[in-house]
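Close look at the chain arrangement
This is what each chain is made of:
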Amino acid sequence: MTKLARILFINAFLAFNSVAQAAAIEAPQLPEWLAVEFEQKAFWAVARSRIEVLPTPDDPAIWELYVQSSVVNNSERVRVNFESATGRTLKRSRLSQGKQQRLKSYEYEADFIVRERREPLTNDGTVPQNWPATSHTELAYPASASEIMVTTPYMLLLLAQQLQAQGTGKSMDVLVHTDLNFYRVHLISGNGIPITANYDITGADRAIGTRETLAVAIHAEPDTILEKKNDFRLLGLNGEIILFFDRATGLPLQIRGQAPRIGSTEINLKSVTMRETKL
C-alpha cells in the first residue's frame, strides 16, 4: 500500500469512527424506568394511571407508549407509537369504557390525520377492533405543523423527562393533537422544590423521604379555533402544569395542575418498575 493510500485509508477510518461515535452518542435512550404509576385522591374518588414505554422489537426507530387509567367506573387504555429520536407521533388509539364505550384511532399521515371511531352495537363480547365504525374522517394539520413536531398529550411526560435531563433553562415547543383540537405547547426546565417521595419500587425497598427536584413547566394554548371545548389534559390536569423530577434518579415524582371541580391539585408517583437493562 502506498503512503498516499495509507493516509486515505486512515482518514476514511477516522471519519467512519467519528460518525459511528456520534451516532452512538445521539441514539435515543429508553428511560431507566419501564413503568411508572401515579395516584390522585379527591373526595370519594381515586384516580390511577400507569404509563409504560416499550421498544418495538422489529424497529428500534419506533417506541410505544402504553397508558392505563381509571377513576371510579371509567377507564381508558391509550397506545401511542412514536419516533424514538423525536417523539413525533405516528399512530394512536384510545379505548374508553364506562357508561359509554368507544375506540378511537388516529393515523398520522404526511398531509392529514385519519381519525376513526368504533362503537359496539351490543354487549356481545366483540373485541373493540371489530366494533363497527361510526365515524371516519381526515383531519387537516394546521399551518404550524410544518414548523414544529406533532405529538399527543401523554407524550409530554416523556418529552419533559428528556428536557429536564439536559439541565435548567432548556425549552422546546411542540404541537399537541387531542381529538379534533391542536395546541401549541411550550415546555421549559428549571429548578424545582423539595418533594416528599413515597412510592414502591418493584423488587426493591419502598422509597420514602424528601427529594431535591428539577421541574418542567408546561403551558398550552389553542393553536387554532377549537372544534370542541378545551380538552387539553395531562393525566386529567390542565392549566399551568408543572412536573417535578428527582435530581438524583430522574424519576417523575409529582405533577401539579388544575383538576375539574377540584382546582389546584397534585398527582404523586406511587410505584415504579425499573428497566432491567437500558437499551
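Scroll up to find the structure.
Residues numbered from 1 in each chain as written. Predicted model: local features only at pLDDT ≥ 70, side-chain atom pairs only at ≥ 80, totals over all residues. Heavy atoms only, no water.

**Some thoughts on the overall build of the chain**
On a plain count of helices and strands, the chain comes out with 2 helices and 17 strands. Per-residue burial over the chain gives 39% buried out of 279 residues. In the chain, the share of contacts with a sequence separation of at least 24, taken over all contacts with a separation of at least 6, comes to 50%. Accessible area of the chain: about 15,400 Å², with a carbon and sulfur share of 53%. (Helix = DSSP H or I, 4+ residues; strand = E, 2+ residues; numbered from the N terminus. Buried < 20%, exposed > 50% of the residue type's maximum accessible area, 1.4 Å probe, protein only. Contact = heavy atoms within 4.5 Å. Areas by Shrake-Rupley, 256 points an atom, 1.4 Å probe, with all protein chains shown as cover.)

**Regarding the pattern of salt bridges**
Counted according to the given criterion, the structure contains 17 salt bridges. Across the pair Arg50 and Glu52 runs a salt bridge whose closest N-O atoms are separated by 3.2 Å. Residue class for Arg50 comes out partly exposed when judged on its relative accessible area of 23%. Of the charged contacts, one joins Glu147 and Arg184 as a salt bridge, the two residues approaching to 3.9 Å between their closest N and O atoms. (Salt bridge = Lys/Arg side-chain N within 4 Å of Asp/Glu carboxyl O.)

**Quick notes on the packing of aromatic side chains**
Under the counting rule described, the total for this entry stands at 2 aromatic pairs. With a centroid separation of 6.2 Å and an interplanar angle of 90°, the aromatic rings of Trp63 and Phe82 are classed as edge-to-face. With Trp63 in strand β3 (residues 62–71) and Phe82 in strand β4 (residues 74–83), this residue pair connects regions lying 19 residues apart in the sequence. Overall, the relative accessible area of 5% leaves Trp63 in the buried class. Sitting above the plane of the Tyr66 ring, Arg79 keeps its charged end 4.1 Å from the centroid. Here Arg92 stacks its cationic end above the ring of Tyr106, 4.1 Å away from the centre of that ring. (Phe/Tyr/Trp six-rings, centres within 6.5 Å; stacked < 30°, edge-to-face > 60°. Lys NZ or Arg CZ within 6 Å of the ring centre and 35° of its normal.)

**Quick look at the environment of Pro194**
One can find Pro194 in the loop between β11 (182–191) and β12 (195–201). Spatially, the C-alpha atoms of Pro194 and Arg211 are 5.4 Å apart, while their sequence positions differ by 17 residues. In contact with Pro194, other than residues within four places in its own chain, are Thr210, Arg211 and Glu212.

**Regarding unusual backbone geometry**
A negative phi angle is the norm for most residues apart from glycine, just as the trans form is the norm for most peptide bonds. For Val72, which is not a glycine, the phi torsion comes out positive at approximately 55°. Checked against the element boundaries, Val72 lands in the loop between β3 and β4. For Leu235, which is not glycine, the phi torsion reads 50° and is therefore positive. Looking at where Leu235 falls in the secondary structure, it is placed in the loop between β14 (213–222) and β15 (238–246). A relative accessible area of 9% places Leu235 in the buried class.

**Observations concerning a negative patch on the surface**
Together, Glu107, Glu109, Asp111 and Glu138 line one region of the surface with negative charge. Note on placement: Glu107 falls in strand β6 (residues 102–108). (Patch = residues over 30% accessible without salt bridge, like charges linked within 9 Å, V, L, I, M, F, W, Y side chains within 5 Å. Lys, Arg positive; Asp, Glu negative; His and termini not counted. Charge placed at Lys NZ, Arg CZ, Asp CG, Glu CD.)

**Overview of the pairing of strand β17 (residues 263–274)**
Taken together, the 6 bridges between strand β1 (residues 33–42) and β17 define a ladder with antiparallel strand orientation. Across the sheet, residue Glu37 finds its bridge partner in β17, namely Ser271. Taken together, the 2 bridges between β12 and β17 define a ladder with parallel strand orientation. Within β17, the position partnered with Asp200 by the bridge is Ser271. Between strand β16 (residues 252–259) and the antiparallel strand that follows it, β17, lie 3 residues; Arg261 among them carries a positive phi value of about 65°. (Pairing = 2+ DSSP bridges.)

**Observations regarding the side chain of Thr56**
Among the structural elements, Thr56 can be located in the loop between β2 (45–55) and β3. From its side chain, Thr56 meets the backbone oxygen of Ile62 in a polar contact 2.8 Å long. Setting aside residues up to four positions removed in sequence, Thr56 forms contacts with Ile62, Trp63, Glu64 and Asn81. (Polar contact = N/O pair within 3.5 Å; in protein donor to acceptor, adjacent residues only side chain to side chain.)

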